[in-house]
Amino acid sequence: MNLLEIEKLDVRYGHIQALRGVSLSVSEGEIVTLLGANGAGKTTLMRTISGLLRPHAGDVKLRGKSIVRVGADNIVRQGISQVPEGRRVFPTLSVAENLLLGGYTRPTAEAKGSMQRVLQMFPRLAERRAQYAGTLSGGEQQMLAIGRALMAKPTLLLLDEPSLGLAPIIVRDIFRTLRQIREQGMTVLLVEQNARMALKLADRGYVLETGRIALQGSAQELLASPEVQATYLGKE
Ligand code: ATP
């Protein structure tokens, strides 16, 4: 059974149909990337999985059970955490407070243990644990957003454009972190504009075009696809 199964999802904003019959799956331990131009519907898909949007039709299943009506907080409890586009850290709370909020679904002692692990993983956050999150650099805020999502100890991590707006050297750091996360056996669904780096990390990928899945395949197949090369990879 797949960890996540999305079946024929339609999502609308009023009369705008953002997703049309989208089906995709993610199995345990996989990194799956979702590529697509601006406005293709990537964020809409992520927000529907995490229960922030209700689909018009279709289903989202976690280990075979529908989660479209269970509510966003229960979806976190069931093991799905999202790192939202734009990071959305709480600027007037400290790094440590932001992390603890990410662990709110768990008993305090467990959340504190997770915080130790997250701080080991991100030494820059450990050094800045008492600092206001709003005063961190963009890359540090992204690390904090990832760390906050890890605090819920998810089985499935949804990452929406973690490299957006960051300098190349920081983007490499973020991808190094994602490789570490993968080594810990976590399952990841990754939305990325940086298609080349995403496909080098991922096992499989899907290409979303104006709300539909236009292409899917192994990461190698997509890297070698002339269509993907022309539209998403550009020149090396
Ligand atoms: P980007 O890479 O720019 O973030 P995306 O692939 O994540 O794009 P979405 O943000 O999911 O795309 O948007 C998909 C479509 O739905 C777009 O046409 C967008 O204009 C529309 N849309 C998104 N949010 C809303 C909203 N709150 N109300 C109305 N339309 C929306």
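Residues numbered from 1 in each chain as written. Predicted model: local features only at pLDDT ≥ 70, side-chain atom pairs only at ≥ 80, totals over all residues. Heavy atoms only, no water.

K.L.:
Whenever I open this one, the site of the ligand confuses me. Can you help?
P.N.:
Surveying the vicinity of the ligand reveals 14 residues, the closest of which are Gly39, Gly41, Lys42, Thr43 and Thr44. Between the ligand and the protein, one listed contact pairs an oxygen atom with a side-chain N or O atom of asparagine 38 at 3.2 Å. Glycine 41 has a polar backbone atom sitting 2.9 Å from an oxygen atom of the ligand. Here the ligand has 630 Å² of accessible area as a free molecule, and 61% of this is covered by the chains. Contributions of two or more residues to the shell around the ligand are made by strand E2 (16-26) and helix H1 (42-49). At three residues, the largest contribution of residues to the shell around the ligand is made by H1. Here the residues of the shell around the ligand sort into five nonpolar, six polar and three charged. (Near = heavy atom within 4 Å. Polar contact = N/O pair within 3.5 Å; in protein donor to acceptor, adjacent residues only side chain to side chain. Areas by Shrake-Rupley, 256 points an atom, 1.4 Å probe, with all protein chains shown as cover. Helix = DSSP H or I, 4+ residues; strand = E, 2+ residues; numbered from the N terminus. Nonpolar A, V, L, I, M, F, W, Y, C, P; charged D, E, K, R; others polar.)

K.L.:
In this structure, what is going on with the pattern of salt bridges? I would like to understand it.
P.N.:
Working definition: two side chains of opposite charge can pair if their charged atoms are close together. One pass over the structure, following the stated rule, counts eight salt bridges. Glutamate 28 is the salt-bridge partner of arginine 63, the closest N and O atoms lying 3.7 Å from each other. One end of the pair, arginine 63, is in the loop between strand E4 (57-62) and strand E5 (65-66); the other, glutamate 28, is in the loop between E2 and strand E3 (31-35), with 35 residues separating them in the sequence. On the accessibility criterion, arginine 63 (40% relative accessible area) is partly exposed. Residue arginine 182 pairs with aspartate 203 through a salt bridge whose shortest N-O separation is 2.9 Å. Here arginine 182 is found in helix H7 (residues 168-183), whereas its partner aspartate 203 is found in the loop between helix H8 (195-201) and strand E9 (204-209), with 21 residues between them in sequence. Among the charged side chains, a salt-bridge network with shared partners connects Arg124, Glu127, Arg128 and Glu140. (Salt bridge = Lys/Arg side-chain N within 4 Å of Asp/Glu carboxyl O. Buried < 20%, exposed > 50% of the residue type's maximum accessible area, 1.4 Å probe, protein only.)

Function cannot be inferred from these measures alone, as they are strictly geometric.
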